[in-house]
Amino acid sequence: MAPFSRRAFLGTLTAAGGLAVTGLSAGTAGAADRRWHRAADDVRAEVRHAWRSYKRFAWGHDHLLPVSGGHSEFFDDAHPVGLSIVEALGTLYFMGLDDELAEGVRWVRDNLAFGEVNADVQVFETNIRMVGGLLSGYLCTGERALLSNAREIADILLPCFTHSPTGMPYRRVNPSTGEITGNVNVLAEIGTIIAEFGTLSRLVHDPRYFDAAKKAQRAVFDRRSPLDLVGTEINIETGEWTDTSARVDPPVDSFFEYLWDGWDLFHDREIKHWYDTLTAAVLRREEERYGGRLWFHRADMATGDLVSRETSELTSFYAGLLGQGGHLREGEAYHSSWASVLDTYALLPEGYDYGTGTATDPGNQLRPEYVDAAFNLWLLTGKELYRERAYDYYVRQKRASRVPNGWTIVTDVTTSPAKVGDLTSGYWWAEQMKYWYLMFADSPRFDYRNNYLSTEGAVLRGVIRH
Ligand code: DMJ
């Protein structure tokens, strides 16, 4: 997601993964590089190890259950689509795990048949995970089957947009029957489309995908309140809001991200105007200093009145987006707010109330957002602080989540040791392992100066082919 990015390898790392920020002299820079590269090797080894477990226990299935040694499906219990393979493609490429990448590509080429899924799938999840993963895989490998699968899936999703009277998509579709359902939708699911659909439009020279995604964004913008705030949930047939609370939290979060991305990826000035207008209102009405820290509360879209100080770990991504959109000071302060939560908990809890300073949901679904923001702030500023924070989180997550067959979700971060569940989330393959690796490795396959990563970590610009 970075419009401009740069490399900076001038920091150091304490042996315990602490937060030492040190300006290094030229003489010690080599030692620091070696340390970071050791960290990168460790991340890569974890992915390779988990891949072997996935092959052994779950090959072709959507998710690995690393504790029980089983598997589960994300979209349709009766029809696996190799979700973890699709999500892993780009990560395997950047890590130079070329044999594993070739196995993954082969599986997609020989087995993927998303049109056979006979269940109601979410347009949003299908787009960011499947379309995004396949497009990124195509850009990394040039394998045409990945592109044609991405297009086939986008064609399954497209009627959700074109059949909608407002242009905002229906929420779900059954790929097998084509039946469309869900006339009440949330902003993240309406507006997290343009990066993948726009990239597809470019690659296949067909503007329909980009146009549908932009029309959906416009339809939301046009329904903003006089305060320039948007709500959370809307009836996509009538255009009436069904939840009028304005928030940066999910299920709105990546709606804002993809407005910025419409500008970043496609230089669309109109979409940038929508991002700037809505973000100014968020900063005016939802940002607050609380307990000496910068946070964002939920507000009523009509009055701007405070609704709640409960927030979500997923919202920590917003620190990076603020930086990218030109509000670096706020983005850095917001990342520090999340870093301070780690003074209390070993990992960030799913739900957090900054008004009371307590976890409202003690789980941790192996989430990438805090590291995502660190990655983007590091690319933007070159500050070693963000690589240090990312490494610190790597150490924490590994300590809590690593089990003999890979990494798993945590069900309670408030206990010591943290309690674990039994799932390697699909996005683990696409997101944080890639962010960590790219921050530590100095990868020759990634353009650190000019790149774009989707909300699911799919690299859609900045792939250097080898
Ligand atoms: C990912 O699937 C995406 O980042 C999405 O936008 C919201 N967060 C999850 C992972 O936590």
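In this text, all values refer to a predicted model and were calculated from it rather than measured experimentally.

Visitor: Explain the pairing of strand β10 (residues 287-290) here, please?
Guide: When β10 meets strand β11 (residues 293-296), the two strands line up antiparallel, connected through four bridges. The residue of β11 that forms the bridge with Tyr 290 is Arg 293. Count of turn residues in the β10/β11 antiparallel hairpin: two residues, of which Gly 291 carries a positive phi of about 60°.

Visitor: Can you walk me through unusual backbone geometry in this structure?
Guide: Among all residues save glycine, negative phi is the norm, and among peptide bonds the norm is trans. Residue Pro 251 is bonded to the preceding Pro 250 through a cis peptide linkage, with omega at 5°. Relative to the helices and strands, Pro 251 resides in the loop between β9 (245-246) and α10 (254-266). The linkage connecting Ser 416 with the following residue, Pro 417, adopts the cis geometry, with an omega of -5°. Within the secondary structure layout, Pro 417 lies in the loop between β19 (410-412) and β20 (419-420). The backbone phi angle of Asp 228 is positive, close to 65°, even though this residue is not glycine. Residue placement: Asp 228 occurs in the loop between α9 (208-221) and β7 (233-235). Phi at Leu 366 is positive, roughly 55°, even though this residue is not glycine.

Visitor: Would you mind going over the confidence of the model for the protein with me for this structure?
Guide: Where the model shows low pLDDT, its predicted coordinates should not be examined in detail. Residues with a pLDDT of 70 or more make up 94% of the protein, whose mean pLDDT is 94. Overall, residues 1-27 carries pLDDT values under 50, and its contacts beyond four positions in sequence, including any with other chains, amount to 86 contacts.

Visitor: Sorry if this is basic, but what is going on with the environment of Leu 278 here?
Guide: Take Leu 278: it is sitting in helix α11 (residues 269-285). The contact partners of Leu 278, leaving out residues within four places of it in the chain, are Phe 221, Arg 224, Asp 228, Val 230, Phe 255, Phe 256 and Leu 259.

Visitor: Help me out: how do you make sense of the packing of aromatic side chains in this one?
Guide: We describe a pair of aromatic rings using the distance from one ring centre to the other and the angle between the two ring planes. With the rule as written, the count across this model stands at 39 aromatic pairs. Ring centres of Trp 51 and Trp 429 lie 6.0 Å apart, and the angle between their planes is 80°; this geometry places the pair in the edge-to-face category. In this pair, Trp 51 is assigned in helix α1 (residues 26-58) and Trp 429 in helix α16 (residues 426-430), connecting sequence segments 378 residues apart. Neither Trp 51 nor Trp 429 differs from the other in exposure class; each is buried. In textbook terms, an aromatic cluster arises when at least three aromatic residues are bridged by ring pairs, as seen for Trp 36, Trp 51, Tyr 54, Trp 59, Tyr 391, Tyr 394, Trp 407, Trp 428, Trp 429, Trp 436 and Phe 440. Over the ring of Tyr 209 we find Arg 208, and its NZ or CZ is 5.4 Å from the ring centre. Above the face of the Tyr 93 ring, Arg 445 is positioned so that its terminal group lies 4.5 Å from the ring centre.

Visitor: Could you clarify how one ought to interpret the pattern of salt bridges in this entry?
Guide: Pairing of side chains with opposite charge becomes possible as their charged atoms draw close. Under the definition given, this model contains 26 salt bridges. Between Asp 206 and Arg 208 there is a salt bridge; the shortest N-O distance is 3.0 Å. The class for Asp 206 is buried, based on a relative accessible area of 11%. Several salt bridges share partner residues, and in doing so they unite Asp 42, Glu 46, Lys 398 and Arg 402 into one network.

Calculation rules
All residue numbers here refer to positions counted from 1 along the written sequence of the relevant chain. In keeping with the predicted nature of the model, local features appear solely for residues at pLDDT of at least 70, side-chain atom pairs appear and are counted solely at 80 or more, and the whole-chain, interface and lining totals rest on all residues. Only hydrogens and water are set aside when side-chain values are computed; all heavy atoms of the structure are taken into account. One bridge is not enough; two strands pair if DSSP finds at least two bridges between them. Starting at the N terminus, helices and strands are each numbered in turn, a helix being any DSSP run of H or I of at least four residues and a strand any DSSP run of E of at least two. The predictor reports its confidence for every residue as pLDDT, a score running from 0 up to 100. Here, two residues are considered to be in contact whenever any of their heavy atoms come within 4.5 Å of each other. Aromatic contacts are taken between Phe, Tyr and Trp rings whose centres are within 6.5 Å, Trp giving its six-membered ring; a plane angle under 30 degrees counts as stacked, one over 60 as edge-to-face, and the others as tilted. The buried label goes to any residue with under 20% of its type's maximum accessible area, the exposed label to any with over 50%, and the partly exposed label to all in between, with areas taken from a 1.4 Å probe on protein chains only. Consider the ring centre and the ring normal. A charge sits over the ring if Lys NZ or Arg CZ is within 6 Å of that centre and within 35 degrees of that normal. Within this document, salt bridges are pairs made up of a side-chain nitrogen of Lys or Arg and a carboxyl oxygen of Asp or Glu, the two lying within 4 Å of each other.

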